[in-house]
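This is what each chain is made of:
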Amino acid sequence: MEKLRIATRKSPLALWQSEHVAERLRVAHPGLEVVLVPMSTRGDEVLDRSLSQIGGKGLFLKELELAMLRGQADCAVHSLKDVPMEMEEGFALPAFLARADAADAFISNAWQDLGELPVGARVGTSSLRRQAQLRACRPDLALLDLRGNVNTRLGRLDAGQYDAIILACAGMQRLGMQARITSRLPPPAWLPAPAQGAITIECLASDLATLQCVAVLDHGPTRTCVEAERAMNRALHGSCQVPVAAYAQLDEGGDRLSLDGLVGSAVDGRLVRAAAVGTAAGPDVLGRQVATLLLERGAGEFL
C-alpha cells in the first residue's frame, strides 16, 4: 500500500484526531502517503436540536462510511463513543488507539466544581448521560442544551450564556486547552460515556490491505476496556437517546478487569448503578454481566 486516504469530519477535534492517526501511520509505515479527506456530516450540520432528537451519534459516521463505499476514502477516524454499538454490515474496527483521559471535565469561569455552583446555576450540556448525573447530584441546577464544537461551546460559556459546561477531558487535552479544565469529574463517582477518550479507525471489512495497515495502532489494554463498556451498552440496547454510562479498568497486572455501569433518568435524576470484576480475557462476558445487574435493579424502566 502506497497511499491511505482517511475520511474525517471537519471539526477541529476530528481533524486533530485524524492527523494524529495519520502521523502514527506514517511513522509505522515509512514511505506511506497518508492524506485526509475532510467531510461534513449531518451530526455536524444540525446544531439546533440534541443528537437524541435527530437520530443519534451514528449521524457522525454515515457520510464517512458512504465515502468508503464509493471508493473516495480507505478508512475513517472516529471518537469511539460516537460509534454505534452495532456496526453497519461490511464495516470493521481494526484499531483502538491508546485511550486518553476518559473523565468528563467541569468548566467554569467563576466556580471551582459542581458543589460550588449556586442554586439555579445554568449548566450547558446536551448529553442525557451528563444531565442524569447532574440531576442526581444537583437537582437545583438549570440544565440547558449545548451543541457545537469545543470552541463554540467555550465561546458560549465565555459570553455568559452558562455558568458552567461539561465537556470531555480528552477533547480539551487534544486541542491544547487543558488549562480551561476547572476540575475533573472522575470515575467511578461520575461515569463517562462508554468508550469515551478512545479513538478508533473504521474500514471496510473486505479491505484486507487497509485492515493490515492500520491494525499496527491497536492498543490491547484499551481494546479490552472499551469492549467491556460497549458490550454492556449493547446488552442494554443503549444509545444516545438513553442515559447510559460505563467505565472499565484493568488492574496493575493486566489480568483482572473491573466495570462500573450506570443507567439513569435525565428527567428526575434517578440512577441505577452496578459493578463487577472479571477476567481481562472476557470483556464481553463482564459487560453482559453488569448489564444484567443493572436490569435486575430496575434499569429497564429508563431504557
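An account of the accompanying structure is given in this report.

Some details on helix H1 (residues 12-28)
Right, so step 1: Compared with the 24 Å implied by 1.5 Å per residue over 17 residues, the 24 Å span of H1 between its first and last C-alpha is a close match.
Right, so step 2: Those residues of H1 not exposed but buried are Leu13, Ala14, Gln17, Ser18, Val21, Ala22 and Leu25.
Right, so step 3: Residues of H1 that are buried sit in contact with strand E1 (3-9), strand E2 (33-39), strand E3 (75-79), helix H7 (169-174), strand E10 (199-204) and helix H8 (208-214).

Points about the pattern of salt bridges
Right, so step 1: For the coordinates displayed, the defined rule picks out 18 salt bridges.
Right, so step 2: Across the pair Asp104 and Arg129 runs a salt bridge, and its minimum N-O distance is 2.9 Å. Here Arg129 lies in helix H5 (residues 128-137) and Asp104 lies in strand E5 (residues 104-107), a separation of 25 residues in the sequence.
Right, so step 3: Asp104 sits in the buried class, given a relative accessible area of 0%.
Right, so step 4: Residue classification places Arg129 among the buried residues on the basis of a relative accessible area of 5%.
Right, so step 5: As a salt-bridge pair, Arg223 and Asp218 come within 3.0 Å of each other at their nearest N and O atoms.
Right, so step 6: By sharing partners, the salt bridges in this structure join Arg9, Lys81 and Asp82 into a single network.

Some remarks on the environment of Leu303
Right, so step 1: You can see Leu303 is positioned in the segment after helix H10 (283-296).
Right, so step 2: Overall, Leu303 belongs to the partly exposed group, its relative accessible area being 37%.
Right, so step 3: Measuring from C-alpha to C-alpha, the distance between Leu303 and Ser265 comes to 9.2 Å, with 38 residues separating the pair along the chain.
Right, so step 4: Residues within four places of Leu303 in sequence aside, it is in contact with Leu236, Val242, Val244, Val263 and Leu295.

Let's talk about unusual backbone geometry
Right, so step 1: Here the bond from Pro187 into Pro188 is cis, since omega is 5 degrees, no more than 30 degrees from zero.
Right, so step 2: Examined against the element boundaries, Pro188 turns out to sit in the loop between strand E9 (183-185) and E10.

Some remarks on the sheet that holds strand E8 (residues 164-168)
Right, so step 1: Read across the open sheet, the five strands follow the order E7-E6-E8-E5-E9; overall the sheet is mixed. Each edge of the open sheet is held by one strand with a lone partner, namely strand E7 (142-144) and E9. Ignoring which end each strand starts from, the neighbouring axes of this sheet average 30 degrees apart.
Right, so step 2: In this structure, E5 lies alongside E8, joined through four bridges in antiparallel fashion. Counterpart to Asp104 in the pairing with E8 is Ala168.
Right, so step 3: The strands touched by H5 are E5, strand E6 (122-124), E7 and E8; relative to E8, the strand with the most contacts, the crossing angle is about 130 degrees.
Right, so step 4: Contacts from helix H6 (residues 150-158) reach E5 and E8, with the element oriented near 165 degrees to E8.

Here is what the cut-offs are and how they apply
- Residues numbered from 1 in each chain as written.
- Predicted model: local features only at pLDDT ≥ 70, side-chain atom pairs only at ≥ 80, totals over all residues.
- Heavy atoms only, no water.
- Helix = DSSP H or I, 4+ residues; strand = E, 2+ residues; numbered from the N terminus.
- Expected span 1.5 Å × (residues − 1).
- Buried < 20%, exposed > 50% of the residue type's maximum accessible area, 1.4 Å probe, protein only.
- Contact = heavy atoms within 4.5 Å.
- Salt bridge = Lys/Arg side-chain N within 4 Å of Asp/Glu carboxyl O.
- Pairing = 2+ DSSP bridges.
- Axes fitted to C-alpha atoms, helices over the stretch in contact; angles between N-to-C directions.

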